[in-house]
Amino acid sequence: EGLCPFLAGVLLNTRKMYQVLVNLLPTHHFQDVFSRIFGYVDHKIPNLFLAHDEQSAKKMADAAGSGGANGRPAAAPPPPHKLFRLPTTEAGRRCMVREVAAVCASLAELPGVPYQQFAAGGNMERMLGLAPAPDAPGAGAD
């Protein structure tokens, strides 16, 4: 599906949990559990991306600001593969929004879970400072 590893893991593990719980729980409990899981995923995905971006920026700033005080050598910045940064280009930000929306659409297709509508894609757009995509529901509406 072309998802980043984090989103691919969220999707894979949620599907696995679905496959187990759909057969174990009574319908009303199953629906309640998955409505809560979907609500949590919908809220947390954008916030986790932002939090990790802020943590990476702080680590880089801390490494840049540690000029070897008290005779100690300056701290080396973390290797780039250990840091997460939000995309800086519009194309990169749009790709991130598409990936989040794809995860939400895939989860929404799981049968038997009455979750109204995922908002994570739209929330990511707003958090990344993007106007709604022309093909997005509600785009261009006042």
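Not measured: the values here are computed from a predicted model.

**Quick look at the overall build of the chain**
- Helix and strand content of the chain: four helices and zero strands.
- Each helix and strand of the chain, placed in order from N terminus to C terminus, yields the pattern α-α-α-α.
- Summarising the internal contacts of the chain: among those between residues at least 6 apart in sequence, 68% fall at separations of at least 24.
- With an accessible surface of roughly 9,100 Å², the chain has 58% of that area assigned to carbon and sulfur atoms.

**What to know about the packing of helix 3 (residues 90–108) against helix 4 (residues 120–127)**
- In contact at an axis separation of 8 Å, helix 3 and helix 4 are set at 165° when each is read in the N-to-C sense. Taken together, helix 3 and helix 4 sit at an angle that is classed as roughly antiparallel. For the element pair helix 3 and helix 4, the recorded crossing hand is right-handed. Residues R94, M96, V97, V100 and C104 of helix 3 form the contact with helix 4, whose participating residues are A120, G121, M124 and E125.
- For the contact of helix 3 with helix 4, the per-class residue count stands at six nonpolar, one polar and two charged.

**Concerning helix 1 (residues 5–24)**
- In a regular helix each residue adds 1.5 Å, so 20 residues correspond to 28 Å; helix 1 covers 29 Å between its end C-alpha atoms and thus fits that length.
- The complete set of buried residues in helix 1 reads L7, V10, L11, T14, Y18 and L21. Down the axis of helix 1, the buried side of the element spans an arc of 110°, and every buried residue falls inside it. Residues of helix 1 that are exposed and point more than 90 degrees away from the buried face comprise P5, Q19, N23 and L24.

**So, the packing of helix 1 against helix 3**
- Direction vectors running N to C along helix 1 and helix 3 enclose 5°, while the axes themselves pass 10 Å from each other. Judged on the interaxial angle alone, helix 3 and helix 1 are roughly parallel. In this structure, helix 1 uses L7, L11, T14 and R15 to contact helix 3, whose residues at the interface are E99, V100, V103, S106 and L107.
- Partitioned by chemical class, the residues of the contact of helix 1 with helix 3 number five nonpolar, two polar and two charged.

**A look at the packing of aromatic side chains**
- In total, this model carries seven aromatic pairs according to the counting rule given.
- Look at Y18 and F34: their rings are 5.6 Å apart centre to centre, the planes differ by 85°, and that puts the pair in the edge-to-face class. Taken together, the positions of Y18 in helix 1 and F34 in helix 2 (residues 27–65) put the pair 16 residues apart, joining distant regions of the chain. With respect to burial, Y18 and F34 carry one shared label: buried.

The rules behind these values
Residues numbered from 1 in each chain as written. Predicted model: local features only at pLDDT ≥ 70, side-chain atom pairs only at ≥ 80, totals over all residues. Heavy atoms only, no water. Helix = DSSP H or I, 4+ residues; strand = E, 2+ residues; numbered from the N terminus. Contact = heavy atoms within 4.5 Å. Areas by Shrake-Rupley, 256 points an atom, 1.4 Å probe, with all protein chains shown as cover. Axes fitted to C-alpha atoms, helices over the stretch in contact; angles between N-to-C directions. Parallel < 35°, antiparallel > 145°, perpendicular 65-115°, else oblique. Left-handed = near helix turned anticlockwise from the far one by under 90°. Nonpolar A, V, L, I, M, F, W, Y, C, P; charged D, E, K, R; others polar. Expected span 1.5 Å × (residues − 1). Buried < 20%, exposed > 50% of the residue type's maximum accessible area, 1.4 Å probe, protein only. Arc of directions from axis to C-beta. Phe/Tyr/Trp six-rings, centres within 6.5 Å; stacked < 30°, edge-to-face > 60°.

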